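Spelled out from the first residue to the last, the chains are:
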Amino acid sequence: MIVKRCSSITQLQLVSIFKDLATVQLESLVPYSYICEYQQDEIIMHEGMEIPLQLHALVLGKLEIKKTAANGKETVVRFIPAGEIFAAPAIFGNGISPATVICQLDSQVLTIEREALLKVISQSPEISLRILEVFNQRLQQLHDTVHGLISERAMVRLVRLIQYYREYYGTHLQTEGDCLNMRLPIYQIARSIGITYEECVDLLKKIKGLVIYKRGGKIIVQDWNKLDLVSK
């Protein structure tokens, strides 16, 4: 069940593109912004559906973005952590959702009416540059994913996926090695690189000694240099 309520300046400040924005400008967005609460596994939007002309940003939780091929096969395109925007066509495009968006956890999504956002952008053009930077990174990732599915070995795709999450979401040191900040369960890895669950399990076994996989999607890299060589 969706619960909708007005947002606050504090919640707007959780969105990365509004970082350092003046309080007076954030105040001007508050009357046009809302928080929608979703439960785990709830679908926010389906691929191909018409979506309101609004900015969509996740302020709490985690989202899964997936696309469905003509043959019915689903591929996880990316994951959206708290603080990031999504659903680009709702701002710049035709208002049609390019993918299905699902809550992996109980989540809060902030929406801002497009016209109100454009007014603030006219006063702070750097916001538009931040938005374009985010979507440009995602287009590059999508290009790399498509190229990988066509021409690269599954092992290379797996390693590059781990490298991507290191670069994009960061890591933290633990006793056993360098742990990804983003959890990646096996079924999600498999969908992201276009292989089966069983094939993914086999690949992780082959890089045992370089990567430790723990239940729930915790990935610890023990030797980045050797792992990087696998993707060459």
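Before reading further, recall that the structure is shown in the block above.
Here we summarise the structure given alongside this text. Quantities reported herein were computed from a predicted structural model and do not represent experimental measurements. (Residues numbered from 1 in each chain as written. Predicted model: local features only at pLDDT ≥ 70, side-chain atom pairs only at ≥ 80, totals over all residues. Heavy atoms only, no water.)

What to know about the environment of L161
When you line up the elements, L161 lands in helix α5 (residues 154-169). A relative accessible area of 10% places L161 in the buried class. L161 sits 32 residues away from I193 along the chain, and the two C-alpha atoms are 7.8 Å apart. Apart from residues lying up to four places away in sequence, L161 is in contact with I189, S192 and I193. (Helix = DSSP H or I, 4+ residues; strand = E, 2+ residues; numbered from the N terminus. Buried < 20%, exposed > 50% of the residue type's maximum accessible area, 1.4 Å probe, protein only. Contact = heavy atoms within 4.5 Å.)

Observations concerning the side chain of Q108
With respect to the secondary-structure elements, Q108 resides in strand β9 (residues 107-113). By relative accessible area, which is 16% here, Q108 ends up buried. Contact partners of Q108, with chain neighbours within four places excluded, come to R5, Q11, I35, C36, E37, A57, L58, V59 and L60.

Quick word on unusual backbone geometry
Residue D41 is not a glycine yet carries a positive backbone phi of 75 degrees. Mapped onto the elements of the fold, D41 is located in the loop between β2 (33-38) and β3 (43-45).

A word on the packing of α5 against helix α7 (residues 197-206)
Each pair of packed helices can be described by the angle between their axes along with the distance between the axes. As a packed pair, α5 and α7 sit with axes 10 Å apart at the nearest point and diverge in direction by 75 degrees. Regarding the angle of α5 to α7, the classification is roughly perpendicular. Within the contact between the two elements, α5 uses A154, M155 and L158 and α7 uses L203, L204 and K206. Looking at the contact of α5 with α7, its residues break down into five nonpolar, no polar and one charged. (Axes fitted to C-alpha atoms, helices over the stretch in contact; angles between N-to-C directions. Parallel < 35°, antiparallel > 145°, perpendicular 65-115°, else oblique. Nonpolar A, V, L, I, M, F, W, Y, C, P; charged D, E, K, R; others polar.)

By themselves these figures say nothing about function.
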